[in-house]
Amino acid sequence: MVVAEADTILTDEERNASDNDEEDSKPVERRAIDPAKINTMQIEKLAMITELYKPLHSELYDLNDPASMLEPVFLEAVESIQAQTESGVAAEISSLPASFLTCLSEATRLYQFAMLRREWCLKLVEELQHFEKSGMPLARPNSMNNYGTILNDIGFLPMLNELLAYHLNPLCKLLYPAWDEGGGLDHHHTFVVQYRMAEDRELKFHFDDAEVTLNVCLGTEFTGGALYFGGLFDAPETHDESLAVQHQLGRATLHLGKHRHAAKPITSGERYNMIMWMRNFCKRYHTHSEAERDEDQHHHGHSHEHGHGHGHSH
Ligand SMILES: O=C(O)CCC(=O)C(=O)O
Ligand SMILES: [Fe+2]
């Protein structure tokens, strides 16, 4: 069932999908709110949180000590990319530390790597539980997850911007060179999804409102909940892919936003994952002429490749 947020407009496709039991064959696009439409209510909410909320672990809200958050092998990989870029050499995947990157699928460019330190993950979960108990207003993460928290809205935006600019964007430029246009992956929607036996236990087949998605497991204790991948939205020849990816605390799965995926039901415990939908400003917000738009649609084959997050008019 697709659940609409108050300010999310469902497309015909999503509306049909919500009436359709064969969700495995009909992925819906997930979307977040357009950053350009951040309204005064959200700004007032952040001001209220900043004034009234006392964090449990205030060190989580900045990136002053990257080594307390990020695994040594992740830092080493990013440093090697930066060093190569600075010396004018095009960075190569083969030059990453040997144990760093696992490629789960060449055809759909699905990767995994160690990213977040265990203590940091567990502290973030404690922080979110503390936030929830504080009675501060909570917005649900997106049009499909009912439980979880938007990190951007509760004080994590500056540190996540740094994480994207200095760590994730250089890595993504290497793994997904198509998004190197303009500033590369230059903005994001980041949230934590939460699954509990008595609440949401799974997530239906969909693709993301993102160029590239980072999904990191924060624990805590659970069974089940594997991610399932089933091909790229715009590449029918990949639709017979059927890959189940297990979670491991602190480990990141990196995939294209258009990579169709689902989360299998958890069978016990509680699962938290941090999701960053990484986006390219040029791709989304530069205005096309009619001719360019026709040209693009011809190439991509899907009109809604453009204008994500703006809602749809019919
Ligand atoms: O449950 C997960 O880990 C995946 C969540 C997801 O695909 C999403 O939020 O877009
Ligand atoms: Fe997703």
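Above this text is the structure in question.
Presented here is a report on the structure given in the accompanying data block. All of these numbers come straight from a predicted model, not from anything done at the bench.

## Overview of the coordination of the iron ion (ligand 2)
In the first shell of the iron ion (ligand 2), the protein supplies His 206 (NE2), Asp 208 (OD) and His 261 (NE2), at 2.1 to 2.2 Å from the metal. For the iron ion (ligand 2), the single-chain donor residues occur in sequence as H-x1-D-x52-H. Here His 261 lies in strand β12 (residues 259-263) and Asp 208 lies in the loop between β6 (203-207) and β7 (212-217), a separation of 53 residues in the sequence. The exposure classification of Asp 208 matches that of His 261, with both residues buried.

## Here we look at the pattern of salt bridges
Applying the stated criterion across every chain yields a total of ten salt bridges. Among the ionic pairs, Glu 59 bridges to Lys 123, the shortest N-O distance being 2.9 Å. Taken as a pair, Glu 59 in the loop between α2 (40-52) and α3 (66-69) and Lys 123 in helix α5 (residues 118-133) lie far apart in primary sequence, 64 residues in all. Its relative accessible area of 30% is what places Lys 123 among the partly exposed residues.

## Observations regarding the sheet that holds strand β1 (residues 28-29)
One open sheet accounts for five strands, arranged β1-β6-β12-β9-β10; its pairing is mixed. Edge positions in the open sheet fall to β1 and β10 (243-245), since each of these has one partner strand only. Looking at chain direction, strand β9 (residues 227-232) and β10 are connected through three bridges and run antiparallel. Residue pairing for β10: Leu 227 is matched across the bridge by Val 245.

## Quick look at the packing of aromatic side chains
By the definition in use, this model includes nine aromatic pairs. Measuring from centroid to centroid gives 4.1 Å for Tyr 61 and Phe 156, while their planes differ by 20°, and the two rings are stacked. You can see Tyr 61 sitting in the loop between α2 and α3 and its partner Phe 156 sitting in the loop between β4 (148-150) and α6 (157-175), a full 95 residues away along the chain. The exposure classification of Tyr 61 matches that of Phe 156, with both residues buried. Clustering of aromatic rings is evident, with ring pairs tying together Phe 74, Phe 100 and Phe 113.

## Some points on the environment of Gln 246
Position of Gln 246 among the secondary structure elements: in the loop between β10 and β11 (251-256). The sequence separation of Gln 246 and Thr 223 amounts to 23 residues, and the corresponding C-alpha distance is 9.8 Å. Once residues lying within four places of it in the same chain are set aside, the contact partners of Gln 246 are Gln 112 and Ala 226.

## Notes on the packing of helix α4 (residues 72-86) against α6
Their axes nearest at 9 Å, the elements α4 and α6 cross at an angle of 65°. Judged by the angle between their axes, α4 and α6 are roughly perpendicular. Remark: the crossing between α4 and α6 carries left-handed chirality. Packed against α4, whose contacting residues are Phe 74, Leu 75, Val 78, Ile 81 and Gln 82, the element α6 presents Tyr 166, His 167, Leu 168, Pro 170, Leu 171 and Leu 174 at the interface.

The rules behind these values
Residues numbered from 1 in each chain as written. Chains lettered and ligands numbered in written order. Predicted model: local features only at pLDDT ≥ 70, side-chain atom pairs only at ≥ 80, totals over all residues. Heavy atoms only, no water. Donors = N, O, S within 2.8 Å, 3.2 Å for Na, K, Ca; no water. Helix = DSSP H or I, 4+ residues; strand = E, 2+ residues; numbered from the N terminus. Buried < 20%, exposed > 50% of the residue type's maximum accessible area, 1.4 Å probe, protein only. Salt bridge = Lys/Arg side-chain N within 4 Å of Asp/Glu carboxyl O. Pairing = 2+ DSSP bridges. Phe/Tyr/Trp six-rings, centres within 6.5 Å; stacked < 30°, edge-to-face > 60°. Contact = heavy atoms within 4.5 Å. Axes fitted to C-alpha atoms, helices over the stretch in contact; angles between N-to-C directions. Parallel < 35°, antiparallel > 145°, perpendicular 65-115°, else oblique. Left-handed = near helix turned anticlockwise from the far one by under 90°.

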